[in-house]
Amino acid sequence: MNDRSIGAAALAAALLLATSVLVPFVGVAGAVPDARIAVTDATVTPATPTAGAPITADVTVRLSGASASAADLDRVAVRDANGTVLGTATGLGALSPGETLTVPVTFTVDDPGAYDLSVVATVSDSDDETATASRPLSIAVERGAPLVEATAGSAVAGADSTVDVTV
């Protein structure tokens, strides 16, 4: 075998290898949804949430500028580690490619402690195809303040006084 034959065989092998490697990726490109979204931010108010009190997660959702069309932001939900929905917002409007929308989702947590939650956004496009994106959200919930308030007027030792108590 001469140098030309070896070179031709090597070139043919390289082309065969390149074709077999590239062909599977052609199918993947077709699977990309028309609406590509991302949850870009999630912040919690109040900064120090307390057990049993409302907590609001301000969730920012972005529709990629490379998306083929506008999409309806159908739902934004806050879920716990087990997938249980703690709070949700629905029917939120439309996003054009490149736009962002911040959605408040209010929920409560009954017990103090550290929680690893997630926020999940779902959009649908004009072809009724849906796309979802999620982002982790960790919060530390503190025990709530006592809910009893007492007010005493001018009290004198040894004398009866009125005390107002609000629960």
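Rules used throughout
Residues numbered from 1 in each chain as written. Predicted model: local features only at pLDDT ≥ 70, side-chain atom pairs only at ≥ 80, totals over all residues. Heavy atoms only, no water. Helix = DSSP H or I, 4+ residues; strand = E, 2+ residues; numbered from the N terminus. Contact = heavy atoms within 4.5 Å. Core = buried A, V, L, I, M, F, W, Y, C linked by side-chain atoms within 4.5 Å. Buried < 20%, exposed > 50% of the residue type's maximum accessible area, 1.4 Å probe, protein only. Polar contact = N/O pair within 3.5 Å; in protein donor to acceptor, adjacent residues only side chain to side chain. pLDDT = per-residue confidence, 0-100. Pairing = 2+ DSSP bridges. Axes fitted to C-alpha atoms, helices over the stretch in contact; angles between N-to-C directions.

Asker: In this structure, what is going on with the overall build of the chain? I would like to understand it.
Answerer: Helix and strand counts for the chain come out as one helix and ten strands. Listed N to C, the secondary structure of the chain is α-β-β-β-β-β-β-β-β-β-β in terms of helices and strands. Expressed as a percentage of contacts within the chain between residues at least 6 apart in sequence, the contacts between residues at least 24 apart total 59%.

Asker: Any chance you could explain the nonpolar core here in plain terms?
Answerer: Note that soluble globular proteins tend to have their nonpolar side chains buried in a common cluster. Counting 28 residues, the largest nonpolar core has Val61, Val76, Phe107 and Ile139 as the members making the most contacts within it. Contributions of two or more residues to this core are made by strand 1 (37-45), strand 2 (55-63), strand 3 (71-79), strand 6 (100-107), strand 7 (113-125) and strand 8 (130-141). Here Val61 is in contact with Ile37, Ala38, Leu73, Val76, Leu95, Glu99, Thr100, Leu101 and Ala121, once residues within four sequence places are set aside.

Asker: I'm lost on the environment of Asp80 in this one. Help?
Answerer: For Asp80, the position within the fold is in the loop between strand 3 and strand 4 (85-90). Distance in space between the C-alpha atoms of Asp80 and Leu137 is 9.4 Å, their sequence separation being 57 residues. If we skip the residues at most four places from it in the chain, Asp80 touches Leu86, Asp116 and Leu117. A polar atom in the side chain of Asp80 sits 2.9 Å from the backbone nitrogen of Thr84.

Asker: What am I meant to see in the confidence of the model for the chain here?
Answerer: Caution applies to low-pLDDT parts of the model: their predicted coordinates are not meant to be read in detail. For the chain, per-residue confidence averages 81 on the pLDDT scale, and residues scoring 70 or more make up 77% of the total. The secondary structure element of the chain with the lowest average pLDDT is helix 1 (residues 3-30), at 44, and the one with the highest is strand 4, at 97. Every residue in residues 11-31 is under pLDDT 50, and counting partners more than four places away or in other chains gives zero contacts.

Asker: Explain the pairing of strand 8 here, please?
Answerer: Each regular strand displays side chains that alternate between the two surfaces of the sheet. Pairing of strand 7 with strand 8, which is carried by twelve bridges, proceeds in the antiparallel orientation. In the sheet register, Val120 faces strand 8, and the bridge partner there is Ser134. Counted between consecutive antiparallel strands, the loop separating strand 7 from strand 8 contains four residues, among which Asp128 sits at a positive phi close to 60°.

Asker: Honestly, the sheet that holds strand 2 in this entry has me stumped. Any pointers?
Answerer: In a beta sheet, neighbouring strands pair by backbone hydrogen bonds and run either parallel or antiparallel. Read from one edge of the open sheet, three strands run 1-2-6, paired in antiparallel fashion. Because the sheet does not close on itself, it has two edges, and the strands there are strand 1 and strand 6. Here the average twist between neighbouring strands, direction ignored, is 20°. Pairing geometry for strand 2 and strand 6, over eight bridges, is antiparallel. The residue of strand 6 that forms the bridge with Thr56 is Thr106.

Asker: Even after reading the chapter, I still don't get unusual backbone geometry, so can you show me in this structure?
Answerer: It is generally the case that most residues other than glycine have a negative phi and that most peptide bonds are trans. A cis geometry characterises the amide bond from Thr45 onward to Pro46, with omega recorded as 0°. Relative to the helices and strands, Pro46 resides in the loop between strand 1 and strand 2. In this model, Asp128 sits at a positive phi of 60°, which is unusual for a non-glycine residue. As for its placement among the helices and strands, Asp128 is situated in the loop between strand 7 and strand 8.

Asker: Honestly, the environment of Gly98 in this entry has me stumped. Any pointers?
Answerer: Assignment of secondary structure puts Gly98 in the loop between strand 5 (94-95) and strand 6. Put simply, Gly98 and Arg36 are 62 residues apart on the chain and 10.0 Å apart in space, counted from C-alpha to C-alpha. Beyond its immediate sequence surroundings of up to four residues, Gly98 is in contact with Arg62, Leu63, Ser64 and Gly65.

Asker: I'm lost on the environment of Thr151 in this one. Help?
Answerer: In this structure, Thr151 sits in strand 9 (residues 149-152). When the C-alpha atoms of Thr151 and Val163 are compared, they prove to be 5.7 Å apart, with twelve residues separating the residues in sequence. Ignoring any residue separated from it by four or fewer positions in sequence, one finds Thr151 in contact with Thr162, Val163 and Asp164.

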